[in-house]
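Now for the letters of each chain:
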Amino acid sequence: MTRSCLGATALVVLALTEPALAQPDSTYRVPPAPIPAILDAAPVPTAVLSPAADRLVLLHPRAMPSIAELAEPIHRLAGVRFAAASGAPVGGESYAAVSVAGLDGRPPRPVALPLTGTDRLLPVGYAPDGAHYALAVVRTDHVQLWLVDPSAGTARQAPGVRLSTALGVKCTWMADSGGLVCLTTPAARGAEPPPPAAPAGPNIQQAGGTAAPVRTYQDLLTSAHDEALFAHHATSAIALIPTTGGAPRVVGAPALYTLAAPAPGGRFLLVEEIGRPFSRLVPYDDFPKRVRVIDMTGAEVHALATLPLADTVPISGVPTGPRRYRWDPTTPARLTWLEALDGGDPKKVVPHRDQLMALTLPTRMAPVAWHRTEFRCSTVTWTDTGEALVSEYDRPTRRTRLSVVPGEGEVKVLSDRSAEDAYANPGTPYSRAGVDTVLTHDGSIYMLGLGASPDGDRPFADKVALRTGTTTRLFRSSGEQFEQVVAIVARDGSRLLTRHESRTSPPNYVLRTIATAAAVGSRARDGALGERALPPDPARLALTAFADSAPQMQGVTRERLRYTREDGVALSGTLYLPPGYTAGTRLPLLMWAYPQEFTSAAAAGQVSGSPYRFDTVRGASHLLLLTQGYAILDDPSMPIVGDGETANDHYVEQLVASAKAAVDAVVARGVADRDRIAVGGHSYGAFMTANLLAHSDLFRAGIARSGAYNRTLTPFGFQAETRTFWEVPEVYARMSPFWYAHKVNEPILLTHGEADNNSGTFPIQSERFYMALKGHGATVRYVTLPHESHGYAARESVLHTVAEILDWLDAHVKHAPGRPGTAAAGR
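Model, not experiment: these values are computed from the prediction. Just so you know, the residues in each chain are numbered from 1, in the order the chain's sequence is written. Residue-level local features of this predicted model are given only where pLDDT is at least 70; pairs of side-chain atoms are given and counted only at 80 or more, and the full residue set underlies all totals for whole chains, interfaces and linings. Note: side-chain values were computed over all heavy atoms of the structure, leaving out hydrogens and water.

1. A closer look at the pattern of salt bridges
Any Lys or Arg side-chain nitrogen found within 4 Å of a carboxyl oxygen on Asp or Glu counts as a salt bridge. The final tally for this structure, using the stated rule, is 46 salt bridges. The salt bridge involving Arg401 is made with Glu392; its shortest N-O contact spans 3.8 Å. Accessibility here uses a 1.4 Å probe with only protein chains present; expressed as a share of the type maximum, an area under 20% marks a residue as buried, one over 50% as exposed, and anything in between as partly exposed. A relative accessible area of 11% means that Arg401 is categorised as buried. A relative accessible area of 4% means that Glu392 is categorised as buried. One continuous salt-bridge network, built from bridges that share partners, spans Arg323, Asp342, Arg353, Asp354 and Arg376.

Here's what the structure looks like:
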């Protein structure tokens with residue numbers, strides 16, 4: 001489906017109040033100062049340490065695009081979106097500039113790139129030796145490949161290369177750093193197929209009696225012309241692109257490739273290509289596939305699998321046959337993959353869910369099963385020395401496990417815990433940028449984590465011995481600051497790259513020199529992490545000096561507010577107070593939240609986030625209301641607790657109880673009064689907002705952005721709900737605020753992107769909810785944003801959304817006349 005005219009060029013605003021209003025103005029608006037200046041400020045760049053750990057590439061994010069840029073024609077096909085002219089993916093983070101820096105503290109140097117107009121950068125990544133950093137440069141009508149030399153601070157274009165990016169940027173470095181394997185636009189590709197002047201016939205779908213439960217997806221194929229467009233733009237040629245500047249070499253014939261991964265030894269390519277028939281119910285990831293290994297001439301070496309259309313996979317299940325195929329990065333040509341032992345069905349009772357397979361090429365030997373997992377295998381990575389790190393997850397028990405599987409010897413479990421227990425999270429194995437293996441030193445790996453704790457997040461770096469599981473804590477953020485390790489600089493862990501921030505200091509990158517692991521000390525870990533303090537006075541070298549880009553937010557105060565729900569569940573949220581706040585003053589307050597499901601009250605009560613982070617504001621953030629005299633309770637806990645899959649059986653009751661506890665807490669704190677509190681949220685938070693207005697009288701008004709309000713439109717599950725509508729119709733009904741629109745008697749502002757691509761939050765959800773509210777006489781305003789997706793991107797859209805929220809809250813909360821009283825409990 002091509003979007004050439006997706007809504008009007010001006011946004012659509014519909015409103016109904018008592019008495020009825022005249023048709024609202026539908027032009028973009030701008031909120032008051034200093035909000036535009038805050039949103040126009042340059043974001044903090046992202047730093048990427050080279051594989052050699054000797055310098056940084058800094059990626060500078062783009063400013064907000066204009067609505068004119070978003071209005072350029074795009075294709076929405078088979079679950080992806082890409083520009084009709086260039087074929088580049090739309091949405092997601094992109095960059096405007098690149099700079100490079102050493103680790104000596106000298107200022108970064110900009111890299112000259114000839115960018116004009118709406119040109120943008122998409123990262124590909126470092127070569128394994130760190131000599132080059134590759135970028136995709138999106139031009140008006142094509143996508144180029146550029147190579148940055150981080151040492152010299154220069155960049156050059158790879159000649160004769162036009163990347164094929166409809167399915168994303170698909171480039172992989174050769175292990176010897178001598179070139180990249182990329183999917184490119186075929187030289188003989190002509191113009192895209194034109195739409196038919198008239199339909200050749202009806203569009204027909206049919207099923208043959210096999211159960212095929214699928215969740216709701218957007219941007220699917222809808223016609224024969226859609227299929228032709230998809231095939232045209234997704235067809236690519238595999239090209240080997242040398243770093244020497246020579247011409248690319250095409251390997252094999254063009255096809256609908258989705259993967260072309262070179263083997264570490266450089267002799268073979270693992271390729272995946274889409275087959276037919278295409279589907280109009282699932283994205284291209286679930287289309288039929290052919291997976292095989294070819295050599296550098298394009299000749300087939302091994303056929304791994306021909307996979308059917310994956311539209312009959314059980315809910316929360318996996319396809320049968322090989323999946324997650326990849327090369328073992330520690331051997332020249334060892335192909336590995338996963339296979340389900342339960343038919344992909346999580347409801348089957350089996351001793352093992354998955355087995356890990358391997359095949360060394362070239363060979364006539366049969367594949368070998370080298371490990372089995374009790375739970376569903378989620379990831380497999382390898383250490384520098386060849387051990388496999390295998391993670392697995394069990395949905396019914398929420399258990400997650402990380403094990404070391406050596407080539408020989410016993411399997412060692414490094415972590416086995418509840419996935420909901422953030423306090424016990426051991427972190428993630430660290431890999432260097434541009435290198436496919438986990439960094440290993442003296443038989444140990446490094447684990448980096450956020451370090452959730454009752455005092456908030458305290459990021460850490462641990463060194464973990466693979467054979468014994470002994471943990472050495474190298475670093476833990478302390479004091480009134482938030483410092484996160486982003487890279488290991490020295491292999492022995494004595495130097496770390498961190499990202500440091502505090503309430504008053506913006507994020508910047510720091511080179512930390514600490515004592516060696518032996519000096520810090522260690523202790524064996526049996527289910528708990530070692531807790532060693534940082535050595536005194538560690539050396540610090542500031543590598544960047546980014547200034548506060550939004551000084552208008554200085555003076556904002558923040559504190560962790562802790563309180564308890566009536567059933568004993570511990571809750572918390574972050575309370576923000578505006579600059580110049582006078583103690584004891586009660587302000588209009590907005591609660592901005594997002595519910596989450598848990599199987600235990602203990603996990604639900606854990607604290608998340610940090611009170612010591614810098615307030616970085618991007619997009620249509622609710623925190624911008626702090627500049628206009630509002631207090632904000634950000635991310636107050638809204639846990640929905642229940643055994644197994646039963647949490648949503650009491651969704652409404654628990655939601656209202658959590659909201660009541662939050663209201664009581666801010667009132668008791670003395671910063672708000674019960675008659676001037678609003679609630680808001682985005683996506684599942686919008687769903688929450690509508691439910692709270694329908695089932696309680698706790699709030700004066702609501703803000704609901706890009707939500708879903710009728711769960712019968714997502715009948716095969718939503719969010720963490722895995723039961724279908726037909727299994728628990730009463731739960732779907734009770735959770736759907738659409739069914740209770742007649743009970744919403746507080747003013748509610750609905751906004752929705754007209755091109756929402758999120759599964760489940762189709763724009764019709766807001767459209768029909770607005771009609772239901774309007775039909776029952778509610779006070780409601782409905783704003784749709786042309787060309788916007790699930791999150792709002794264009795500068796005009798972002799500014800307008802903030803203006804709408806501010807005006808709505810000013811009218812219905814800040815300056816609203818008092819009401820007779822509020823109920824302390826839900827209706």
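2. So, the environment of Ser608
Think of it this way: any DSSP run of H or I at least four residues long counts as a helix, any run of E at least two long counts as a strand, and we number them from the N terminus. Of note, Ser608 is situated in the loop between helix H5 (601-604) and strand E43 (631-634). Its relative accessible area of 41% is what places Ser608 among the partly exposed residues. Taking the C-alpha atoms as reference points, Ser608 and Ala127, 481 residues apart in sequence, are found 36 Å from one another. What Ser608 contacts, discounting residues up to four positions off in sequence, is Asp457, Arg560 and Asp635. The contact criterion used throughout is that any non-hydrogen atoms of two residues lie within 4.5 Å.

3. Re the side chain of Asp457
Relative to the assigned elements, Asp457 resides in the loop between strand E32 (444-449) and strand E33 (460-465). It is Arg613 that comes nearest to the buried, bridge-free Asp457 among opposite-charge side chains, at 6.0 Å. Excluding anything up to four places from it in sequence, Asp457 contacts Leu450, Gly451, Ala452, Phe482, Ser608, Gly609 and Ser610. His residues and chain termini do not enter the charge count, which takes Lys and Arg as positive and Asp and Glu as negative.

4. Remarks on the packing of aromatic side chains
Side-chain rings of Phe, Tyr and Trp (the six-membered ring for Trp) are treated as a pair once their centres are within 6.5 Å; stacked means planes under 30 degrees apart, edge-to-face means over 60, and tilted covers the remaining angles. For the structure on display, the rule yields 15 aromatic pairs. Centre to centre, the rings of Phe230 and Phe287 are 5.9 Å apart; their planes meet at 80°, and the pair counts as edge-to-face. Here Phe230, found in helix H3 (residues 224-234), pairs with Phe287, found in the loop between strand E18 (268-274) and strand E19 (289-295); they are 57 residues apart in sequence, far enough to count as distant. Plain terms: the ring middles of Trp370 and Trp382 are 6.3 Å apart, the flat faces sit at 40° to each other, and that makes the pair tilted. In this pair, Trp370 sits in strand E24 (residues 368-373) while Trp382 sits in strand E25 (residues 376-383), placing the two residues 12 residues apart along the sequence. Of the residues examined, Trp382 reaches a relative accessible area of 2% and is grouped as buried. Aromatic rings pair up to connect Phe716, Phe718, Phe725, Trp726 and Tyr732 into one cluster. Consider the ring centre and the ring normal. A charge sits over the ring if Lys NZ or Arg CZ is within 6 Å of that centre and within 35 degrees of that normal. Over the face of the ring belonging to Phe482 we find Arg613, whose NZ or CZ atom lies 4.0 Å from the ring centre. For the cation-ring pair, Arg711 lies above Phe687, with the distance from its terminal atom to the ring centre recorded as 4.5 Å.

5. What about the sheet that holds strand E21 (residues 323-327)?
What the four strands build is an open sheet, ordered E21-E22-E23-E24; its pairing is antiparallel. What marks the edges here is a single partner per strand, and that holds for E21 and E24. With strand direction ignored, the average angle separating the axes of adjacent strands in the sheet is 20°. A strand pair is defined by DSSP finding two or more bridges across the two strands. Pairing of strand E22 (residues 334-340) with strand E23 (residues 354-360), which is carried by seven bridges, proceeds in the antiparallel orientation. Following the sheet pairing, Trp337 is matched in E23 by Met357. Each axis is a line fitted through C-alpha atoms, taken for helices only over the stretch in contact, and angles between the N-to-C directions span 0 to 180 degrees.

6. A few points about the confidence of the model for the protein chain
Here pLDDT means the predictor's own confidence in every residue, given as a number from 0 to 100. Scored by pLDDT, the protein chain has a mean of 92; 93% of the residues are at 70 or more. Below pLDDT 50 for its whole length, residues 1-9 participates in 25 contacts with residues either more than four positions away or in separate chains.

7. Quick notes on the sheet that holds strand E14 (residues 179-184)
The strand order across the open sheet built from four strands is E13-E14-E15-E16, with neighbouring strands paired in antiparallel fashion. The two strands at the open ends of the sheet, each matched to only one other strand, are strand E13 (171-173) and strand E16 (249-255). Direction aside, neighbouring strands of the sheet carry axes that sit 15° apart on average. Alignment of E14 against strand E15 (residues 236-242), held across six bridges, turns out to be antiparallel. Bridged to Val181 within E15 is Leu240.

8. Examining the packing of helix H6 (residues 651-669) against helix H7 (residues 684-695)
Packing of H6 against H7 brings their axes to within 10 Å, and their N-to-C directions diverge by 85°. In terms of axis orientation, H6 runs roughly perpendicular to H7. Contacts between H6 and H7 pair Tyr651, Val652, Leu655, Val656 and Ala659 from the former with Tyr684, Phe687, Met688, Asn691, Leu692 and His695 from the latter. Amino acids are sorted into nonpolar (Ala, Val, Leu, Ile, Met, Phe, Trp, Tyr, Cys and Pro), charged (Asp, Glu, Lys and Arg) and polar (every other residue, Gly among them). When its residues are assigned to classes, the contact of H6 with H7 shows nine nonpolar, two polar and no charged. Under this scheme an angle from 65 to 115 degrees is roughly perpendicular, one under 35 degrees roughly parallel, and one over 145 degrees roughly antiparallel; angles in between are oblique.

9. A closer look at the nonpolar core
Throughout, nonpolar core names a set of buried Ala, Val, Leu, Ile, Met, Phe, Trp, Tyr and Cys residues whose side chains join them through atoms within 4.5 Å. Counting residues in each nonpolar core, the largest one holds 63 residues, and the members touching the most others are Leu589, Val666, Phe699 and Leu750. With 11 residues, the single largest contributor to this core is H6. Setting aside residues up to four positions removed in sequence, Val666 forms contacts with Leu561, Leu589, Met591, Leu633, Val671, Ala672 and Ile677. Counting 32 residues, the second-largest nonpolar core is a separate cluster that includes Ile35, Leu39, Val783 and Trp808.

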